[in-house]
Amino acid sequence: MAEKKAYPLRINAEVLAATQRWADDELRSLNAQIEYLLREALRKAGRLKQSSPHTTDEGEEP
């Protein structure tokens, strides 16, 4: 599994609340949802290789 690193994130309260609701709908933790969204954006922009398998609650699709 890839190494995980902690990173403090400042985020608008409204964006955070909306992301939390989305995570709840997707049965993910907030952290996993944020990582999932970042991975998808990076993948679509061609900036992330698709080499790791998808796992649940590790920031990727279930």
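Provided above is the structure to which this section pertains.
Just so we're clear, the structure is a prediction, and the values are computed from it rather than from any experiment.

(A) Representation of the overall build of the chain. Looking only at helices and strands, the chain features 2 helices and 0 strands. Long-range contacts, defined as pairs at least 24 residues apart, comprise 33% of the intrachain contacts of the chain with a sequence gap of at least 6. Taken as a whole, the chain presents about 5,400 Å² of accessible surface, with 54% of it coming from carbon and sulfur.

(B) Region of the structure containing the pattern of salt bridges. Using the criterion set out here, one finds 4 salt bridges in the structure. Salt-bridge contacts for lysine 4 lead to glutamate 35; the nearest nitrogen and oxygen are separated by 3.1 Å. Of the two residues, lysine 4 is situated in the segment before α1 (13-25) and glutamate 35 in helix α2 (residues 30-44); the sequence distance between them amounts to 31 residues. Measuring nitrogen to oxygen at the nearest pair gives 3.6 Å for the salt bridge that ties glutamate 26 to arginine 28. Relative accessible area serves as the criterion here: at 36%, glutamate 26 is assigned to the partly exposed category. When salt bridges with common partners are traced through the structure, they connect Lys4, Glu35 and Arg39 into a single cluster.

(C) View of the side chain of glutamate 40. Mapped onto the elements, glutamate 40 comes out in helix α2. At 2.9 Å, the side chain of glutamate 40 forms a polar contact with the side chain of arginine 43.

(D) Broad picture of unusual backbone geometry. The phi dihedral of leucine 27 falls on the positive side, at around 60°, and the residue is not glycine. Positionally, leucine 27 belongs in the loop between α1 and α2.

(E) Geometry of α1. Relative to the 18 Å expected for 13 residues at 1.5 Å per residue, α1 spans 18 Å between its end C-alpha atoms, a close match to the ideal helical length. Sitting at the amino-terminal end of α1 is asparagine 12, which places a side-chain oxygen 2.7 Å from the backbone nitrogen of glutamate 14. Where α1 terminates, the next one or two residues include leucine 27, which has phi positive at roughly 60°.

(F) View of α2. Helix length check: α2, at 15 residues, gives a terminal C-alpha distance of 21 Å against a target of 21 Å (1.5 Å per residue), a fit within 8%. When we look at burial in α2, the residues that qualify are Ala32, Gln33, Tyr36 and Glu40. Angular distribution of buried residues about the axis of α2 spans 100°; they occupy a single face of the element. Exposed side of α2, more than 90 degrees from the buried face: Asn31 and Leu38 are the residues found there.

The rules behind each value
- Residues numbered from 1 in each chain as written.
- Predicted model: local features only at pLDDT ≥ 70, side-chain atom pairs only at ≥ 80, totals over all residues.
- Heavy atoms only, no water.
- Helix = DSSP H or I, 4+ residues; strand = E, 2+ residues; numbered from the N terminus.
- Contact = heavy atoms within 4.5 Å.
- Areas by Shrake-Rupley, 256 points an atom, 1.4 Å probe, with all protein chains shown as cover.
- Salt bridge = Lys/Arg side-chain N within 4 Å of Asp/Glu carboxyl O.
- Buried < 20%, exposed > 50% of the residue type's maximum accessible area, 1.4 Å probe, protein only.
- Polar contact = N/O pair within 3.5 Å; in protein donor to acceptor, adjacent residues only side chain to side chain.
- Expected span 1.5 Å × (residues − 1).
- Arc of directions from axis to C-beta.

So, to be careful, I would describe these as geometric facts and stop short of saying anything about function.
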